Amino acid sequence: MLIDKYDLEVFTPSCEPGAERFSAIAHLHHDIREVFPYLNAILRGAVYEPKVPSLQWRKAGHYIVFQPNQIAVSNMANREVAIKEVEEVIALINRTWEKRDKIEPNYKTRRRPTGFELYKLLPRINCKICGETSCFVFANKLAVGQVQLEACIPLFKESQYTAQREQLVKLLDVDMPAIWPRR
């Protein structure tokens, strides 16, 4: 087990007084930088900066930053969700560390595709079937992990978009699991 003790701080960010969103910081008792290349290998969309060192990841609209001695999680609906998210991230780190001999570490810095890069590959018909007001809004939400590519129904149902869909799938790396199934 890599992380067995930490001190947890849950708060509403001072830059958002009165906001109904919460952040949490797990202050770790020892350095975890050795797990970053393994997390970089398994977390879809992670951005690894080995020189800093840090790893950033967006999960369902939550922002998670891994640093050697802390893990910060932001954009949580309430205190309980923040606590649960930190617990899940720590469990993910520990599972990853335990299975590191089965994971090829990735030391490369990846760049997350921008909303505009994704938009150029979408049908751009603004059909609103996905629930968004436009393809551009959908692309920006897709870039930050707030929507799934499969929500763009024309992309998957209409054969004229097959090449674009394949490019998007490759760009988003959607076939790669972000985490292992829970035990």
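Here goes a summary of the coordinates provided. (Residues numbered from 1 in each chain as written. Predicted model: local features only at pLDDT ≥ 70, side-chain atom pairs only at ≥ 80, totals over all residues. Heavy atoms only, no water.)

What about the sheet that holds strand E3 (residues 47–49)?
Then, in step 1: Read from one edge of the open sheet, 6 strands run E1-E2-E6-E5-E4-E3, paired in antiparallel fashion. In this open sheet, the two strands that pair with only one neighbour each are strand E1 (6–11) and E3. Strand-to-strand twist across the sheet, computed as the mean angle between neighbouring axes with direction ignored, equals 15 degrees.
Then, in step 2: Bridge analysis of strand E4 (residues 54–59) against strand E5 (residues 62–67) gives 5 bridges, and the strand direction is antiparallel. If you follow Trp-57 over to E5, its bridge partner there is Ile-64. (Pairing = 2+ DSSP bridges. Helix = DSSP H or I, 4+ residues; strand = E, 2+ residues; numbered from the N terminus. Axes fitted to C-alpha atoms, helices over the stretch in contact; angles between N-to-C directions.)

Quick word on the side chain of His-62
Then, in step 1: Within the element layout of this structure, His-62 appears in strand E5.
Then, in step 2: Ignoring anything within four residues of it in the chain, the contact list for His-62 reads Trp-57, Ser-74, Asn-75, Met-76 and Glu-85. (Contact = heavy atoms within 4.5 Å.)

Focus: the packing of aromatic side chains
Then, in step 1: A full pass over the atoms with the stated rule returns 3 aromatic pairs.
Then, in step 2: With a centroid separation of 5.3 Å and an interplanar angle of 85 degrees, the aromatic rings of Tyr-119 and Phe-136 are classed as edge-to-face. Taken together, the residues Tyr-119 in helix H3 (residues 115–119) and Phe-136 in helix H4 (residues 135–143) connect sequence positions 17 residues apart.
Then, in step 3: In this structure an aromatic cluster arises from ring pairing among Phe-116, Tyr-119 and Phe-136.
Then, in step 4: A cation over an aromatic ring shows up here: Arg-100 above the ring of Trp-97, its NZ or CZ 3.8 Å from the ring centre. (Phe/Tyr/Trp six-rings, centres within 6.5 Å; stacked < 30°, edge-to-face > 60°. Lys NZ or Arg CZ within 6 Å of the ring centre and 35° of its normal.)

Topic: the environment of Tyr-6
Then, in step 1: By the element assignment, Tyr-6 lies in strand E1.
Then, in step 2: What makes Tyr-6 partly exposed here is its relative accessible area of 27%.
Then, in step 3: On a C-alpha basis, the gap between Tyr-6 and Arg-165 in space is 43 Å, while along the polypeptide they are 159 residues apart.
Then, in step 4: Once residues lying within four places of it in the same chain are set aside, the contact partners of Tyr-6 are Ala-26, His-27, Leu-28, His-29, Val-86, Glu-87 and Ile-90. (Buried < 20%, exposed > 50% of the residue type's maximum accessible area, 1.4 Å probe, protein only.)

Notes on the state of the cysteines
Then, in step 1: Tallying each qualifying case throughout the model produces 0 disulfides.
Then, in step 2: Unpaired in this structure, Cys-127 has its nearest cysteine sulfur neighbour in Cys-135, at a distance of 6.0 Å. (Disulfide = S-S within 2.5 Å.)

A few points about the environment of Val-169
Then, in step 1: For Val-169, the position within the fold is in helix H6 (residues 162–172).
Then, in step 2: The exposure class of Val-169 is buried, given its relative accessible area of 19%.
Then, in step 3: Between the C-alpha atom of Val-169 and that of Leu-149, which follows or precedes it by 20 residues, the distance is 8.0 Å.

Side note on the nonpolar core
Then, in step 1: Counting residues in each nonpolar core, the largest one holds 32 residues, and the members touching the most others are Ile-32, Leu-39, Leu-43, Phe-66, Ile-71 and Ile-93.
Then, in step 2: Secondary-structure elements contributing two or more residues to this core are strand E2 (22–28), helix H1 (36–42), E4, E5, strand E6 (70–76) and helix H2 (79–98).
Then, in step 3: Counting residues per element, this core draws most heavily on H2, at 7 residues.
Then, in step 4: Sequence-distant contacts of Ile-32, defined by excluding residues within four places in its chain, comprise Leu-2, Ile-3, Gln-67, Pro-68, Ile-71 and Ile-93. (Core = buried A, V, L, I, M, F, W, Y, C linked by side-chain atoms within 4.5 Å.)

Some points on unusual backbone geometry
Then, in step 1: Of note, the bond from Val-52 into Pro-53 is cis; its omega dihedral lies within 30 degrees of zero at -20 degrees.
Then, in step 2: As for its position among the elements, Pro-53 is in the loop between E3 and E4.
Then, in step 3: The backbone of Arg-124 sits at a positive phi, close to 60 degrees, despite the residue not being glycine.
Then, in step 4: You can see Arg-124 is positioned in the loop between H3 and H4.
Then, in step 5: A positive phi angle, near 50 degrees, is found at Asn-126, a position not held by glycine.
Then, in step 6: Relative to the helices and strands, Asn-126 is located in the loop between H3 and H4.
Then, in step 7: For Asn-126, a relative accessible area of 38% translates into the label partly exposed.

The analysis is restricted to geometry; functional conclusions fall outside its scope.
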